[in-house]
Amino acid sequence: MLIREFIRQNLVKSAKNTLFGKENNFVAIKSAATFSSIIPLTDYELIRPYIEKIKSGDSDVLWPGQPKYFAKTSGTTSGAKYIPLTKESMPNHFGTARNALLNYAARSGNYSFFDGKMIFLSGSPVLDLDGVIPVGRLSGIVNHEIPAWLRKSQVPSYQTNCIDDWETKVDAIVKETIHKDMSLISGIPPWVQMYLERLLKQSGKERIIDLFPNLSVFVYGGVNFSPYRNTLENLFGKKLDSVETFPASEGFFAFQDEQGDEGMLLNTNSGIYFEFIESSRIGEHNPPRLPLEGVRTNIPYALVINNNAGLWGYNIGDIVTFISVDPYKIVFSGRVAHYISAFGEHVIAKEVEDALLTTSASFDCKVSEFSVAPQVNPPEGGLPYHEWFIEFDQEPSDINAFIDLLDQQMTAKNIYYKDLIEGHILQKLKLRSLKKGTFITFMKQNGKLGGQNKVPRLTNDRKIADALTQINNL
């Protein structure tokens, strides 16, 4: 029996007597086909009534018993979300992080980073109570699950990690770590960049490697590293080995298992039964859900999970693309909600990131942060266009040539965008170069500075675009 079949059967058997299992006739599930036909496709809004029952004290709702924690996330459309974490699902989160580090050490032969200090830039470990269930950010919850063998190497201290204000916290982390023997740094690239810049400013050094000569590994997740790579490597002062991970409140899904390989190994043996929906069919009523053996390479899929925390047919809102099916390796391609299709072009995050990366390399410039939005009704008149908001660390020598090449890259990567340009439905993209600190100010104003928060690469409206314009004009 394949491990994924065993996982599916075990999930159904474990949850058949829960409220959700009884309402959805789990006892009739006999195969992958009946699984996807009986269990409805859900999202947070559809499971919210079940979450409210759990918060009210009910047991055996989505999974036997009650959750060990709720991971609280900030939803863009649903407000605060409370994602259940159970004693059965917690090993997926920490165990996969452990496996990513051990796999890297075994494959690279670099075990020395275990001898130094490791910093994990994360959310506060302070937990609230919702009834009897502790509630907090996932990265903070994981702090409570770290085993003793790793805790002795972990920085910052618990007290420093509890600081809520991100800028105050970064300053405290700098003070605490500036004289440590740092060997590994982990976090989301833009917030790691802020930490590194403040380290250099405080120390007067030009390179991080002059502060931390034994630093050898950078672990990251949540965003594509490529747009940040040049800037971070300049700050580090050398090229570090890097390990990409794919964690979320709903599960730890994949990690990079080979240096130089852009794909991440899908975590198929950790209590999650995966299903996939072709991204082009997301808007359909009850779109087909493919089991793992049904996927193909180079097709963007919405990721659907069923897990031992009680998430069923749950569309997490992420798009992945398989680059290999033996073994199963994926790349993160963006968010379902983060795309531009104001004119039917359906541009996704990976396309704009790859186009910008190639263009920036051609002009030897450095991008700090960016976001793209449609301009449907140009104030200056004329055809609509895509507007790019870019904060450069180092601007291109010829901005007009940069724009030309960036637009060429986009037409090469998205056939629909190309057709709209050639059909004179859209005009060539426009670029707004933003002053330093614009994106940080935007995140601060929206209460999303630091931690696991990311700037949306793409939006289908002008809310972020208008906010960035206003901040830039101050």
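Everything below is about the structure shown above.
Residues numbered from 1 in each chain as written. Predicted model: local features only at pLDDT ≥ 70, side-chain atom pairs only at ≥ 80, totals over all residues. Heavy atoms only, no water.

(A) Inspection of the side chain of N92 at higher detail. Within the secondary structure, N92 is located in helix α5 (residues 90–108). The buried category is assigned to N92, whose relative accessible area is 4%. Not counting chain neighbours up to four residues away, the residues in contact with N92 comprise G251, F252, N267, S270 and I272. (Helix = DSSP H or I, 4+ residues; strand = E, 2+ residues; numbered from the N terminus. Buried < 20%, exposed > 50% of the residue type's maximum accessible area, 1.4 Å probe, protein only. Contact = heavy atoms within 4.5 Å.)

(B) Looking closely at α5. Between its terminal C-alpha atoms α5 stretches 27 Å, which fits the 27 Å expected from 19 residues at 1.5 Å a residue. Inspection of α5 places M90, N92, H93, F94, G95, T96, A100, L101, N103, Y104 and A105 among the buried residues, and these make up the whole buried set. Of the residues one or two after α5, G109 is the one with positive phi, at around 80°. (Expected span 1.5 Å × (residues − 1).)

(C) Layout of the packing of aromatic side chains. Applying the stated criterion to the full structure yields 23 aromatic pairs. Summarising the aromatic geometry, the rings of Y104 and F113 are spaced 5.7 Å apart at their centres and angled 50° between planes, so their arrangement reads as tilted. Here Y104 falls in the buried class, since its relative accessible area comes to 4%. The exposure class of F113 is buried, given its relative accessible area of 0%. (Phe/Tyr/Trp six-rings, centres within 6.5 Å; stacked < 30°, edge-to-face > 60°.)

(D) Expanded view of the packing of helix α9 (residues 166–177) against helix α10 (residues 189–203). Orientation of α9 relative to α10, taken along the N-to-C sense of each, is 55°, at an axis distance of 10 Å. Here α9 is positioned oblique relative to α10, judged by the angle of their axes. Along this stretch, α9 crosses α10, giving a crossing that reads as right-handed. For the pair α9 and α10, the contacting residues are W166, E167, V170, D171, I173, V174 and T177 in the first and W191, M194, Y195, R198, L199 and Q202 in the second. Here the residues of the contact of α9 with α10 are counted per class, giving eight nonpolar, two polar and three charged. (Axes fitted to C-alpha atoms, helices over the stretch in contact; angles between N-to-C directions. Parallel < 35°, antiparallel > 145°, perpendicular 65-115°, else oblique. Left-handed = near helix turned anticlockwise from the far one by under 90°. Nonpolar A, V, L, I, M, F, W, Y, C, P; charged D, E, K, R; others polar.)

(E) Here's a closer look at empty space enclosed by the protein. Taken as a whole, this structure holds three cavities of 30 Å³ or more when the rule is applied. Space inside the largest cavity adds up to approximately 90 Å³. Counting only elements with at least two residues in the lining of the largest cavity, the list comes to α12 (226–236), α13 (349–363) and β19 (366–375). A total of five residues in the lining of the largest cavity trace back to one element, the largest contributor, which is α13. Across the lining of the largest cavity, the residue classes tally to six nonpolar, three polar and two charged. Counted as a void, the second largest cavity has a volume near 50 Å³. Top contributing element to the lining of the second largest cavity by residue count: strand β12 (residues 272–278), with three residues. For the lining of the second largest cavity, the class distribution of residues is four nonpolar, one polar and one charged. (1 Å grid on protein atoms, 1.4 Å probe; cavity = no way out; pocket = protein on both sides within 12 Å on 5 of 7 lines; lining within 4 Å. Points joined across faces, edges and corners; volume = space filled by probe spheres on them.)

(F) Seen up close, the pattern of salt bridges. Across all of its chains, the model carries 28 salt bridges by this definition. For R296, the salt bridge goes to E278, with nearest N and O atoms at 3.6 Å. Separated by 18 residues along the polypeptide, R296 in the loop between β13 (290–291) and β14 (300–307) and E278 in strand β12 bring together distant segments of the chain. Looking at R296, the relative accessible area reads 49%, which means it is partly exposed. Salt bridges sharing common partners tie together R107, D257, E258, D261 and K329. (Salt bridge = Lys/Arg side-chain N within 4 Å of Asp/Glu carboxyl O.)

Take it as geometry only, folks, not as evidence of what the structure does.
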